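Results of the structural survey
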Amino acid sequence: MKIVADENMAALEPLFASLGSITSLPGRDIGPEQVADADALLVRSVTKVDEALLRAAPKLRFVGTATIGTDHLDTAALARRGIPWSNAPGCNAEAVGEYVLTALLLLAQRQGVELSQRRVGVVGLGNTGSAVARRLQALGIEVLCCDPPKAAQRAAGTWHELDTLLAECDVITLHVPLITEGQGATVNLLDEARLGMLKSGAWLVNACRGEVIDNPALVRVKRKRPDLKLVLDVWANEPHPLADLVALAEIATAHIAGYSREGKIRGSQMLHRALMQQKQQPQQTPALASLLPDSPLPAQQIESKLDQTELLSLMSGVYDLAAEDRLFRAALPDGFDRRRKANLARREFSAQTLYIADPSQAKRLAQLGFTVKEKSEDGV
Ligand SMILES: NC(=O)C1=CN([C@@H]2O[C@H](COP(=O)(O)OP(=O)(O)OC[C@H]3O[C@@H](n4cnc5c(N)ncnc54)[C@H](O)[C@@H]3O)[C@@H](O)[C@H]2O)C=CC1
Ligand SMILES: O=C(O)C(=O)[C@H](O)COP(=O)(O)O
């Protein structure tokens with residue numbers, strides 16, 4: 001079996017080497033020539049799997065994307081060719097939750113405000129939006145939710161219209177799939193009119209897909225409204241974001257909100273399971289712990305309730321978002337993919353063990369994702 005895979009996928013060798021030969025390539029270089037004799041194709045968000053690519057791959061029997069989003073797959077073309085495909089829902093939700101919380105605490109610190117005083121509107125309450133909402137609620141922050149598909153299914157929860165969130169929330173964070181056509185289209189969900197509805201002093205976070213916001217309109221609105229603060233991880237026309245928009249964002253990164261070592265491995269594990277199922281081969285998928293390097297972070301002892309600054313400092317010890325923001329800007333105009341590659345080793349908060357005696361503090365930090373243990377007799 002010949003497997004063609006994106007070189008930035010995690011744990012390719014340990015998971016897939018026993019199934020056949022692996023050719024790993026930069027995702028943006030995977031084209032018709034590269035898939036000509038492939039039996040399985042494993043991609044990330046940067047490879048367009050369209051009719052032309054599929055036509056060039058007569059032997060292809062499986063396509064897997066180690067991502068949540070599927071907007072780079074032509075699923076209708078896959079169905080027409082009878083090629084089973086799979087994505088990796090939820091694999092990187094924790095990383096997105098950690099990214100958004102860190103970004104909001106960083107912004108709060110820079111603006112000299114308490115995040116707990118701000119009402120947050122989460123748009124899209126699937127895997128990533130829920131991971132964000134859970135963390136905010138663990139900190140006692142008020143969260144309003146908007147998810148029309150869930151509301152229509154009468155899913156548990158209180159659901160609001162997008163326009164209500166725009167009118168009432170101090171922070172809006174976007175977590176919807178990119179849908180380009182039909183009634184539920186999300187492309188330009190935040191168009192110029194909706195951007196104009198943001199509250200005075202609002203913060204806007206986009207960690208889903210760049211095209212969900214009209215990027216040129218955002219430049220125009222932000223120029224008129226310096227009160228708005230932007231956290232942008234995703235951009236229209238990646239890897240070439242609008243330079244003017246990068247300059248106007250308070251925090252800017254290279255589509256790495258979902259990047260964590262753990263998330264990347266989970267994505268590969270999910271594709272391994274799906275491929276095994278497809279081949280009806282009962283091969284066990286190795287456990288996450290066996291594929292993860294040991295945590296490089298020494299355990300810490302937490303004695304007292306952390307304030308906002310201390311919490312941000314704890315989180316930044318695992319992943320330094322302020323530094324990433326600086327490195328991203330310095331890497332442009334050509335270094336978008338370089339910054340993505342540089343983030344592949346990022347660990348989730350669970351890589352940080354904390355010894356905490358106080359039960360309520362222990363519960364709160366465990367809800368944020370840290371590995372929490374009771375304080376031992378003689379400390380750490
Ligand atoms: N920046 C990054 O690194 C990452 C970006 N993503 C992007 O974020 C998107 C969301 O990821 P997940 O939460 O895992 O997907 P998901 O499929 O679990 O959840 C998406 C949610 O959005 C809701 N939704 C759909 N249309 C909506 C609308 N118009 N308004 C409000 N809600 C709507 C759906 O009902 C669903 O509950 C992915 O499709 C992907 O494009 C995902 C992971 C990492
Ligand atoms: O899962 C998704 O959807 C994402 O946006 C990924 O985090 C993107 O990562 P790559 O597949 O581009 O590495």
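Scroll up for the structure.
Keep in mind that what you see is a predicted model, and the values were worked out from it rather than measured. (Residues numbered from 1 in each chain as written. Chains lettered and ligands numbered in written order. Predicted model: local features only at pLDDT ≥ 70, side-chain atom pairs only at ≥ 80, totals over all residues.)

Next up on the list: helix α5 (residues 127-138). Along its 12 residues, α5 runs 17 Å from first to last C-alpha, staying within 8% of the 16 Å computed at 1.5 Å per residue. Phi for G140, located one or two positions after α5, is positive at around 80 degrees. (Helix = DSSP H or I, 4+ residues; strand = E, 2+ residues; numbered from the N terminus. Expected span 1.5 Å × (residues − 1).)

Take the environment of R28 next. Relative to the helices and strands, R28 is located in the loop between β2 (21-25) and β3 (40-43). Its 13 C-beta neighbours within 10 Å are what place R28 among the partly exposed residues. The sequence separation of R28 and K48 amounts to 20 residues, and the corresponding C-alpha distance is 8.3 Å. (Buried ≥ 20, exposed ≤ 12 C-beta atoms within 10 Å, placed from the backbone.)

Further remarks concern the sheet that holds strand β14 (residues 371-374). As summarised here, the arrangement of the three strands in space is β12-β13-β14, forming an open sheet in which the pairing is parallel. Where the open sheet ends on each side, the last strands, each with one partner, are β12 (300-302) and β14. Strand-to-strand twist in this sheet, taken as the mean axis angle between neighbours without regard to direction, amounts to 35 degrees. In this structure, strand β13 (residues 353-356) lies alongside β14, joined through four bridges in parallel fashion. Looking at β14, one finds that L354 is bridged to V372. Contacts between helix α16 (residues 359-368) and the sheet are confined to β12, β13 and β14, with β13 contributing the most and set at about 165 degrees to the helix. (Pairing = 2+ DSSP bridges. Axes fitted to C-alpha atoms, helices over the stretch in contact; angles between N-to-C directions. Contact = placed C-beta atoms within 7 Å.)

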